[in-house]
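Chains, contacts and geometry: an overview
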Amino acid sequence: MKEWEDPTIFAVNKRLPNANRIFFLDQQTLKDYNFQSLNGEWDFKYLSNHNTYQQDFYRKDFSTVDWDTITVPSNWQLQGYDRPHYTNVNYPFPVEPPKVPSENPAGLYRRKFYLSPDREGEQNLIRFEGVDSAFYLWLNGEYIGYSQGSRLAAEFDLTKHLNYGGANILAVKVLKWSDGSYLEDQDMWWLSGIFRDVYLYSQPFFQIEDFKIESEFKRNQEIGILNCDFEVLSYQEFIPAGGKIKINLYDQGVKAADKILELPALKKTRLKKFETDLEITEPVPWSAENPYLYQLEVELLDPEGETIQTIRQKAAFRTVEIKDAQLLVNGEPVMIRGVNRHDFDPDLGRTVSRAQMEKDVLLMKQHNINAVRTAHYPNHPYFYELCDKYGLYVLAETDIECHGMEPVGRWDELADSREWTAAFVDRMDRMVEHYKNHPSIIIWSLGNESGFGDNHRKMTELTRRLDPTRPIHYEGDRKQEVVDIIGPMYPTIEQTAELAKKQEKPVILCEYAHAMGNGPGELKEYWEVFYEHPSAQGGFIWDWLDQGIAVENAGGEICYTYGGDFGEEPHDKNFNINGLVFPDRTPSPGLKEYKYVMAPFKIKDFNFKDAVVTIENQFDFIDSSDYQLNWEVKTAGRVIESGSQDFELKAGEVNEFRVRGLQLDNLELLIEEKGREIGANLPADSYINFRIVLKNKKNWAEPGHEITFKQFKLPFVFDRLYHPAESHSQNKELTIQESDLYLKIDGSDFKIYFNKASGQLSDYNYRGKRIIEKGPELNFWRAPIDNDNTEVTHNYTTAWQEEGIDKLRQRLELLKVVEVKPTYVIIKSKYTLAPAAKDLIIRASLEYKIYNNGEVEVTAAGGFADQKEHSLPRIALELELSQDLEQISWFGKGPGESYPDSKRAAYIDFFTKKVGELHTPYVYPQDNGNRSETKWMQLKNRVGAGIEFYNSNKFDFTAHCYSKKDLELADHDCELPYRDEIHLELIHRNRGLGSTSCGPKALEKYALKVKDFEFQIKFKGIDY
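Residues numbered from 1 in each chain as written. Predicted model: local features only at pLDDT ≥ 70, side-chain atom pairs only at ≥ 80, totals over all residues. Heavy atoms only, no water.

Moving on: the overall build of the protein chain. A count of helical and extended segments in the protein chain gives eleven helices and 61 strands. For 1024 residues, the compact-globule estimate of 2.2 N^0.38 gives 31 Å, and the C-alpha radius of gyration of the protein chain, at 33 Å, lies within 12% of that figure. Taking the principal axes of the C-alpha coordinates as reference, the protein chain spans close to 115 × 70 × 50 Å. Out of the 1024 residues in the protein chain, the part that is buried amounts to 63%. Working note: accessible area of the protein chain is about 38300 Å², and carbon and sulfur atoms make up 45% of it. When the 123 positive and 163 negative side-chain charges of the protein chain are each reduced to one mean point, those points stand 2 Å apart. (Helix = DSSP H or I, 4+ residues; strand = E, 2+ residues; numbered from the N terminus. Rg over C-alpha atoms; globule rule 2.2 N^0.38 Å. Buried < 20%, exposed > 50% of the residue type's maximum accessible area, 1.4 Å probe, protein only. Areas by Shrake-Rupley, 256 points an atom, 1.4 Å probe, with all protein chains shown as cover. Lys, Arg positive; Asp, Glu negative; His and termini not counted. Charge placed at Lys NZ, Arg CZ, Asp CG, Glu CD.)

A separate point is the environment of Ala844. Here Ala844 shows up in strand E51 (residues 842-851). Spatially, the C-alpha atom of Ala844 lies 9.0 Å from that of Phe1013, the residues being 169 residues apart in sequence.

All right, on to the UniProt feature "domain: Beta galactosidase small chain/" (unreviewed entry) in the protein chain then. On the UniProt side, "domain: Beta galactosidase small chain/" (unreviewed entry) is annotated at positions that read residues 744-1020 here. Here residues 744-1020 runs as 5% helix and 51% strand, with 17 Å between its end C-alpha atoms. (UniProt positions renumbered as here; feature names shortened; annotations may be inferred.)

Entries for the protein chain in the domain assignment read domain 1 (11-203), domain 2 (206-320), domain 3 (324-549 + 576-596), domain 4 (600-713) and domain 5 (777-1022). The C-alpha centroid of domain 5 is placed 38 Å from the C-alpha centroid of domain 3. The interface is formed by 24 residues belonging to domain 3 together with 28 residues belonging to domain 5. Counting each side, the surface lost to burial between domain 3 and domain 5 is near 2100 Å², with a carbon and sulfur contribution of 58%. Among the residues of domain 3 in contact with domain 5, Asn518, Glu522 and Glu593 are the three that bury the most area, contributing 34% of the side total. Between domain 3 and domain 5 we count one salt bridge in total. Of the charged contacts, one joins Glu525 and Lys1005 as a salt bridge, the two residues approaching to 2.9 Å between their closest N and O atoms. Viewed at the interface, domain 5 and domain 3 are joined by 14 residue pairs in polar contact (both at pLDDT 80 or more). Broken down by secondary-structure element, the contributors of at least two residues to the side of domain 3 that touches domain 5 are helix H7 (523-532) and helix H8 (589-597). Among the elements that line the side of domain 3 that touches domain 5, the one with the most residues is H8, at four residues. When the residues that make up the side of domain 3 that touches domain 5 are grouped by side-chain class, the tally is twelve nonpolar, six polar and six charged. (Domains from an automatic or database assignment. Contact = heavy atoms within 4.5 Å. Buried area = accessible area lost by both parts, 1.4 Å probe. Salt bridge = Lys/Arg side-chain N within 4 Å of Asp/Glu carboxyl O. Polar contact = N/O pair within 3.5 Å; in protein donor to acceptor, adjacent residues only side chain to side chain. Nonpolar A, V, L, I, M, F, W, Y, C, P; charged D, E, K, R; others polar.)

To continue, consider the sheet that holds strand E16 (residues 206-218). Taken together, three strands build an open sheet; the order of strands is E16-E17-E22 and the sheet is antiparallel. Lying at the two open borders of the sheet, with one neighbouring strand each, are E16 and strand E22 (272-281). Across this sheet, the average inter-strand angle for adjacent strands is 20°, counted without regard to direction. As paired strands, strand E17 (residues 223-234) and E22 are joined by ten bridges and run antiparallel to one another. In the sheet register, Asp229 faces E22, and the bridge partner there is Glu275. (Pairing = 2+ DSSP bridges. Axes fitted to C-alpha atoms, helices over the stretch in contact; angles between N-to-C directions.)

Take the state of the cysteines next. In protein structure, a disulfide is the covalent linkage between the sulfur atoms of two cysteines. Scanning all chains against the criterion turns up one disulfide. At a sulfur-sulfur separation of 1.9 Å, the disulfide partner of Cys559 is Cys974. On the sign convention where negative means left-handed, the S-S torsion of about 115° between Cys559 and Cys974 marks this disulfide as right-handed. With Cys559 in strand E36 (residues 558-561) and Cys974 in the loop between helix H11 (964-969) and strand E59 (981-990), the pair connects residues that are 415 residues apart, well separated along the chain. The residues Cys559 and Cys974 share a single accessibility class, namely buried. The cysteine Cys961 is free of any disulfide, with Cys974 supplying the nearest cysteine sulfur at 17 Å. Residue classification places Cys961 among the buried positions, given a relative accessible area of 8%. Between Cys998, a cysteine without a disulfide, and Cys510, which holds the nearest cysteine sulfur, the sulfur-to-sulfur distance is 11 Å. (Disulfide = S-S within 2.5 Å.)

Glancing now at the packing of aromatic side chains. Inspection of every chain in the model, using the stated rule, returns 70 aromatic pairs. Ring geometry for Tyr294 against Phe317: centres 5.1 Å apart, planes inclined by 85°, an arrangement best described as edge-to-face. Highlighted residues: Tyr294 in strand E23 (residues 294-301) and Phe317 in the loop between strand E24 (307-315) and strand E25 (320-323), separated in sequence by 23 residues. Take Tyr294 and Phe317: they sit in the same class, and that class is buried. Seen from their ring centres, Tyr512 and Phe530 are 5.9 Å apart, and the 80° between their planes marks the pair as edge-to-face. Of this pair, Tyr512 sits in strand E33 (residues 507-512) while Phe530 sits in helix H7, and the two are 18 residues apart along the sequence. Taking relative accessible area as the criterion, Phe530 reaches 2% and is therefore assigned buried. The structure contains a cluster of three or more aromatic residues connected by ring pairs, namely Phe57, Tyr58, Phe62, Trp67, Tyr136, Trp138, Tyr143 and Tyr146. For Arg341, the ring lying beneath its charged end belongs to Phe383, and the centroid distance is 4.2 Å. (Phe/Tyr/Trp six-rings, centres within 6.5 Å; stacked < 30°, edge-to-face > 60°. Lys NZ or Arg CZ within 6 Å of the ring centre and 35° of its normal.)

A separate point is the sheet that holds E25. Taking strand neighbours across the sheet as the criterion, the three strands line up as E25-E26-E27 in an open arrangement whose pairing is antiparallel. Looking at strand neighbours, the two that pair on one side only are E25 and strand E27 (332-333), the edges of this open sheet.

Within the secondary structure, Asn49 sits in the loop between strand E3 (40-47) and strand E4 (68-72). A relative accessible area of 11% places Asn49 in the buried class. A polar contact of 3.1 Å, which involves the side chain of Asn49, links it to the backbone oxygen of Ser102. Those residues in contact with Asn49 that sit more than four places away from it in its chain are Ser102, Glu103, Asn104 and Pro105.

Turning next to the environment of Leu976. Within the secondary structure, Leu976 is located in the loop between H11 and E59. Accessibility expressed as a relative area gives 15% for Leu976, which makes it buried. Sequence separation of Leu976 and His705 is 271 residues, and the distance between their C-alpha atoms is 35 Å. In this structure, Leu976 is in contact with His919, Pro925, Tyr962, Asp966, Leu967 and Ala970, ignoring residues within four places of it in sequence.

What follows deals with the pattern of salt bridges. Counting across every chain of the model gives 69 salt bridges. Salt-bridge contacts for Glu155 lead to Arg127; the nearest nitrogen and oxygen are separated by 2.6 Å. In this pair, Glu155 sits in strand E11 (residues 154-157) while Arg127 sits in strand E7 (residues 123-128), placing the two residues 28 residues apart along the sequence. By relative accessible area, which is 5% here, Glu155 ends up buried. Note that Arg341 is salt-bridged to Asp360, the shortest N-O span being 3.1 Å. Of the two residues, Arg341 sits in strand E28 (residues 336-341) while Asp360 sits in helix H2 (residues 354-366), which places them 19 residues apart along the sequence. Each of Arg15, Arg127, Glu129, Glu155 and Glu209 takes part in one network of salt bridges that share partners.

This part is about the environment of Glu773. Among the secondary structure elements, Glu773 is positioned in strand E48 (residues 769-779). When the C-alpha atoms of Glu773 and Glu880 are compared, they prove to be 5.4 Å apart, with 107 residues separating the residues in sequence. Not counting residues within four places of it along the chain, the set of residues in contact with Glu773 comprises Ser762, Glu880, Leu881, Ser882 and Glu981.

This part takes up the packing of H7 against H8. Running from N to C, H7 and H8 cross one another at 30°; their axes reach a closest spacing of 10 Å. Comparing the axis directions of H7 and H8 gives the class roughly parallel. For the pair H7 and H8, the sense of crossing is right-handed. Only Glu593, Tyr594 and Val597 of H8 make contact with H7, whose side of the interface consists of Leu523, Lys524 and Trp527. (Parallel < 35°, antiparallel > 145°, perpendicular 65-115°, else oblique. Left-handed = near helix turned anticlockwise from the far one by under 90°.)

Buried residues of helix H9 (residues 667-675): Leu667, Ile671 and Gly675, and no others. Taken around the axis of H9, the buried residues stretch over an arc of 70°, which confines them to a single face. Among the structural elements, strand E39 (627-635), strand E40 (638-645) and strand E42 (686-694) are those in contact with the buried residues of H9. (Arc of directions from axis to C-beta.)

What follows is the structure in structure tokens.
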């Protein structure tokens, strides 16, 4: 029988699902159940076709002397066998369900283990937490069973087949493809093998087979009730009356409630159900903001009064309901600050260590994330324990996605097929039963992108029967026939508001703000909608991390790979590189932006006259007692005054607070005095910065951890602005020399050369050092970001390329000395910029006002000849500088990158970095590192010589050790060269980022559309 091609067969001898009782966070639980890990080195044989040979490998006497070894858990594609394959939508095999390729690889696994002889009087079970995609199991040469459902646990009873006190031979055959693969077409790498924990555990023959814990509140939440259901089963012939279930609930080690259930006589294998309630007064409710857990201990006593089984379960008082088109937790509407998360590790694939899972949770908490959607399958069970402990709401999604049926025009086929009903329902059943006791789970999901049909209706019926306490989500139910939540993917901001205005059901975006490459932008606008409309309750960004597999190149450098890098076809290129953290879990600029856009405290306003700041507590439950307000007044990076204070705000409150210690009377004088100590060119703008930080330690962060900040400019204006006060008359007069090739301007300690053929400034030499090697030159292009370059919604890159914006050629029309004075000279060049084979024409000019102290004022102006608005990526001047000017300082937004629609995480200050540190290592190279709202910047070498740029009007800049063309030619970050010059862009206007890589078109207000332009920048050489 081909079980792997029969959708009605997905389990043979597999135990029915029940609540998890092995909790990795609780070492005592592991002892109670005689936990024995089978992780480690196994004998392994890879078969390119599972039918080829090694048919009897499961025999006890079979020799594996010529086999390899493999680590369990792991994916064999990352252990040197087969190759990874990435697709987003398409199945990587012919679409003929339930058929799979006859060239079906397999992995054969064997290992020896020993079991203590005192385990013979118990039921001994083996549990596989994850095997992709189907597997057969043998023990000591005897067939045990078969399982499908890659990311759902499979348990088998080994009791009758074990050699107690001696050696046992476990054999597993894992198939790469099965009919279950049609249900597992999630947007991720196709990776095979035993990729999660394998372990043994035991329990008595007379046992609590299953249990369910539900909570409720009564009398305005003053009384908490735990509803406890137990299913008791005996594998012995007869258990006389007199057994007991003893239940104790502990609050921080102190007993809060208890109960004893008397058990009747029990016959073999006849399940008995028992229910009871535990009641306490004034319970502390669990929420993501205050994840308060109680300890529930359940003991099963035999008729002689001996404890034979102990269940230790974290319990919580937490309710979920939908009322008045809002999702309520503990009776209060909650805001979902969420992300979608895959189980993924750049070195291990779908095998994720417990330390890595905990790092994910801590990073989420530290970036104000309070919810996670387990996309698109149950994550490792340890992850749910962490969510309970640290406080994350979970939208728990089952292991179903049939996306590959859509491109062949059969979107609803499997969802509506009776032949597949049992497989759909089984996957929902197993998830709900396994994870039902986790308080962090507040929503069940029927899966993802699988059309819609009767099988979803049956899954819903089952779920409501098993657990009526949680609402159900499924994006594919577009008419909300069976689901409780409107959970669309990638709606526009306007569409989100329209859905919420109807107030039919909660609107929680299951995917939005696609975090692919440089982005997402426009987060602020989504969050304005969420807070404006009560039914709009946030959403889950796609997604948490870049799924880049780490490989080492010839130079020993780590490169992160994506679709197609292993020669696989079909593939979806870098569409799996769309996370808020890079593969190594380094936060991206997008994650930092997300943190501050949806921070649960909002610093709304600052009244300078009265020194009053307005703060809103946007937490749903907790007050501000664990937080404090820090403030500082800064001028050009120097702290003038600072202070710290508590503030009292209940959840949902807004109030004004006097900034204690801020001296208004003499502040302006103090700032001006400090400002005069600052270097001649640095702006003396002053700001007050407010930061809300943790006052008390949390289990996810230390005191001082920043939750949010807000900056306000102070209303002081000083005469001294942005250029040196020294008189030009003190310097020698300028001289001009002209040859057939160049114009030369000679002044005090500097020389400037213009190339007469191109009209371009070709050399700026200050005090004997060549600083500018090329430029400035007008530029309207940026290396496309993923949000520019997509076919999902709108391809901006293609539109720009069709106009020829990326291939503008510059023709010099005029180079002229316009004016000559003793202290300055004006030189003007005029250009026509146009692409080949196009009729797009830009008329432009660059005017240089060169002072005799070496200061140069550049004015760029121009416009489109047709006088129509044209869309552009940016308007900028490009220069090439000496490579040794590696120390960069600026006064503007920082410290990280920012763009017009993504700069909430940045603030204005004085910053210093190495040029190389301005690079953002997006896995797929693209425009990056923009610093915005700059008024002054400086590049110096190690001895302090260099150049500074400044302007009273703000400008953006990028500075890199590679060119824009390098970015476009490289396929991976590790391929970027390190050039001998610094490529600097001084940017007049920038287009926003958006999230069009898999989302709506960018907002018009962040588009860059112009008929003409004019801007100015100044620069001057500096010496140590």
